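# Overview (structure and organization)
Take a look at the letters that make up each chain.
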Amino acid sequence: MDLEVLKNSTVLLLGKPRAFGMDEFLRQMQQHRIDVVSAADVQKCSVPILAVIEGGLLNPLEQDLLEQLYFENKSPIFRSDTLEAALASHLSTDTLLMSLKLSNDTHRLYGFLTNPLIDDGAFLKLLKLYNFKGQGFFDTNENRDVTTALIERFYDNLEQNHNIQYISMGVVELINKSDSTALINTIASFSMVVQALRDESEPLVEAVLFALAQHSRLQEQQQLQFAKSERQELCRVLALREDLYPSVEAVLLTSQHDAVLEALASNTRLSDVGVAQLMGRYEKQILVKIALSDAQFEQSITRHPVLLAGNPTLSAEMFASLLALQCRDVDAALAANASLLPAVARQLYQRDDHVVLEALAQNPVVENSLLEHLLKRKSLHAALAGNPRLCETMIYQLYRSANRDVLQALAANEATPLALLYELLLDVQLENVVRQNSALNTKYQR
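### Observations regarding the packing of helix 10 (residues 191-198) against helix 11 (residues 203-214)
Put simply, helix 10 and helix 11 touch, their axes get as near as 10 Å, and they point 90° apart. Taken together, the axes of helix 10 and helix 11 are roughly perpendicular relative to one another. The residues of helix 11 that touch helix 10, namely those facing Met192, Val193, Ala196 and Leu197, are Val205, Glu206, Val208, Leu209 and Leu212. Residue classes in the contact of helix 10 with helix 11 are distributed as eight nonpolar, no polar and one charged.

Right, here's the structure in full:
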């Protein structure tokens, strides 16, 4: 709808606006130089009525008048939601924010936050101004309405989970499912969240705090704020993040909590400075996870070769150095390495050690060509049956062996085809194993 058509004119409003409160509706109409009269005042109006606005909740007098105006067909009649959508689209977010900050009009702010016509960007900016007044998300009527509006606006699957906005954990569910950086960092700025960084809060706010701390969209500034809280479990969660920022790491390295430092020591993003600082106390954790320099590797290979063999960041040269040790425990750790190189896997296979071959059989990164060689050995079938990267052909070959250990491993394997899972489900001894297989429901839904 083009508001220019109504500018410098008078319109008749029958009923009430649907999204805006009456005061805000009149304010917005005035800003567009549109005068509004009601049914009670229409007889006194000395200027012509350019249009009629049909709102909601009409009283009997307004209903009769509206029917008369429809019958006379002298003036255009618009529904109020069409006009209100046009008003919302013309809002200046910056001007509105400044006005609300200066006036501190909490009632007006509440009206905008519960108005579904406000665009998402404006909503989040306005939400930062909202004061929960030390209460929880659902503890007061206003807090509940604002929280409900937040979930309804941003929760993607509301049609299938239509009551999520009314339950306490709906906020946590919203955070977990959102990929919006603006939303996540707006929630992180809530006063109740900031307060929880200093002192433990109610369970819902605690759940929100930890959901935010683990969220991939939480920005560096907010992560820093969380890290400075010195809350042990929260800082431990931050220390395990895959996007560990140097600035956040620097704060966490000053922690007095062993659990936080140990988590840092197992983070593959730990810097050289962090490795140097933690190596003395957490050498084993570092050797298992962290990408080591050649010098650090050479210093550790004589003392902790088995730990190094399990490190997923090994270079080809490091793999070769460990293979050269000709040690069964080292070979077994290499065979289970999540980054095992095909050439190294073939060399381990040629050594023909049963313990090492079992580790190879279970490793999902081992090539199918090598797995086919392992399949020829019945003693490795149980280990192979648990490998989540097995192709369907090999799975059926294993199934035909009818070995109980093999069948149990297949029942738990997410790679097992749905038709085969159904067959295994009929086995009383395997029923519980199959039902605990997360792939059962996933494949059924497909």
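### Structural notes on the nonpolar core
Among the nonpolar cores identified, the biggest contains 135 residues, and Val208, Phe226 and Leu252 are the most heavily contacted of them. Broken down by element, this core gets its largest block of residues, eight residues, from helix 11. Filtering out sequence-adjacent residues up to four positions away, Val208 remains in contact with Phe137, Val171, Val172, Ile175, Ile187 and Val193. Counting nine residues, the second largest nonpolar core, distinct from the first, contains Ala39, Val42, Val52 and Leu66.

### Some thoughts on the pattern of salt bridges
Taken as a whole, this structure holds 18 salt bridges when the rule is applied. With a shortest N-O distance of 2.9 Å, Glu4 and Lys7 are connected by a salt bridge. Its relative accessible area of 52% is what places Glu4 among the exposed residues. With a closest N to O distance of 2.9 Å, Asp120 and Arg153 form a salt bridge. Remark: Arg153 occurs in helix 7 (residues 141-154) and Asp120 occurs in helix 6 (residues 120-127); sequence separation between them is 33 residues. Among the ionic contacts, a cluster of salt bridges with common partners joins Glu24, Arg27 and Arg108.

### Brief notes about the layout of surface pockets
In this structure, the largest pocket occupies an estimated 270 Å³ of space. If you trace the largest pocket, you find 15 residues lining it, with Gly21, Glu24, His107, Arg108 and Gly111 closest to the centre. When residues of the lining of the largest pocket are traced back to their parent elements, those giving at least two are helix 1 (22-31) and helix 5 (106-113). Of the residues belonging to the lining of the largest pocket, the class tally is five nonpolar, five polar and five charged.

### Topic: a nonpolar patch on the surface
There is a patch of nonpolar side chains on the surface, built from Tyr166, Ile167 and Met169 and spanning about 320 Å² of accessible area. Positionally, Tyr166 belongs in the loop between helix 7 and helix 8 (170-177).

### Structural notes on the pairing of strand 3 (residues 51-54)
Burial along strand 3 is two-sided: Ala51 and Ile53 and Val52 and Glu54, pointing in opposite directions, are all buried. In terms of strand pairing, strand 3 meets strand 4 (residues 77-79) through three bridges, oriented parallel. Note on strand 4: the bridge partner recorded for Ile53 is Phe78. On the question of chirality, the crossover connecting strand 3 to the parallel strand 4 by way of helix 2 (residues 60-72) is right-handed.

### Comments concerning the side chain of Gln165
Summarising the element assignment, Gln165 is placed in the loop between helix 7 and helix 8. We classify Gln165 as buried; its relative accessible area is 4%. Polar side-chain contacts of Gln165 include one of 3.1 Å to the side chain of Glu152. In this structure, Gln165 is in contact with Phe138, Thr148, Ile151, Glu152 and Leu158, ignoring residues within four places of it in sequence.

### Observations regarding helix 8
Turning to helix 8, its buried residues are Gly170, Val171, Val172, Leu174 and Ile175. Each element contacted by the buried residues of helix 8 is listed here: helix 7, helix 9 (181-188) and helix 11.

### A word on unusual backbone geometry
Of note, the phi angle at Glu230 is positive, near 65°, even though the residue is not glycine. As for its position among the elements, Glu230 is in the loop between helix 12 (220-227) and helix 13 (232-239). A relative accessible area of 63% means that Glu230 is categorised as exposed. Within the chain, Asp352 stands out as a residue other than glycine whose phi angle is a positive 55°.

### Here's the deal with the sheet that holds strand 1 (residues 9-14)
Spatially, 2-1-3-4 is the arrangement adopted by the four strands of the open sheet, whose pairing is parallel. For this open sheet the edge positions go to strand 2 (34-38) and strand 4, each flanked by a neighbour on one side alone. Going across the sheet, the axis of each strand differs from the next one's by a mean of 30°, ignoring polarity. In terms of strand pairing, strand 1 meets strand 3 through four bridges, oriented parallel. By the bridge assignment for strand 3, Leu12 is matched with Val52. Along the sheet face, helix 1 touches strand 1 and strand 2 and points at about 140° away from the line of strand 2. Contacts from helix 2 reach strand 1, strand 3 and strand 4, with the element oriented near 125° to strand 1.

Conventions used here
Residues numbered from 1 in each chain as written. Predicted model: local features only at pLDDT ≥ 70, side-chain atom pairs only at ≥ 80, totals over all residues. Heavy atoms only, no water. Axes fitted to C-alpha atoms, helices over the stretch in contact; angles between N-to-C directions. Helix = DSSP H or I, 4+ residues; strand = E, 2+ residues; numbered from the N terminus. Parallel < 35°, antiparallel > 145°, perpendicular 65-115°, else oblique. Contact = heavy atoms within 4.5 Å. Nonpolar A, V, L, I, M, F, W, Y, C, P; charged D, E, K, R; others polar. Core = buried A, V, L, I, M, F, W, Y, C linked by side-chain atoms within 4.5 Å. Buried < 20%, exposed > 50% of the residue type's maximum accessible area, 1.4 Å probe, protein only. Salt bridge = Lys/Arg side-chain N within 4 Å of Asp/Glu carboxyl O. 1 Å grid on protein atoms, 1.4 Å probe; cavity = no way out; pocket = protein on both sides within 12 Å on 5 of 7 lines; lining within 4 Å. Points joined across faces, edges and corners; volume = space filled by probe spheres on them. Patch = residues over 30% accessible without salt bridge, like charges linked within 9 Å, V, L, I, M, F, W, Y side chains within 5 Å. Areas by Shrake-Rupley, 256 points an atom, 1.4 Å probe, with all protein chains shown as cover. Pairing = 2+ DSSP bridges. Right-handed = clockwise from strand over helix to strand, strands pointing away. Polar contact = N/O pair within 3.5 Å; in protein donor to acceptor, adjacent residues only side chain to side chain.

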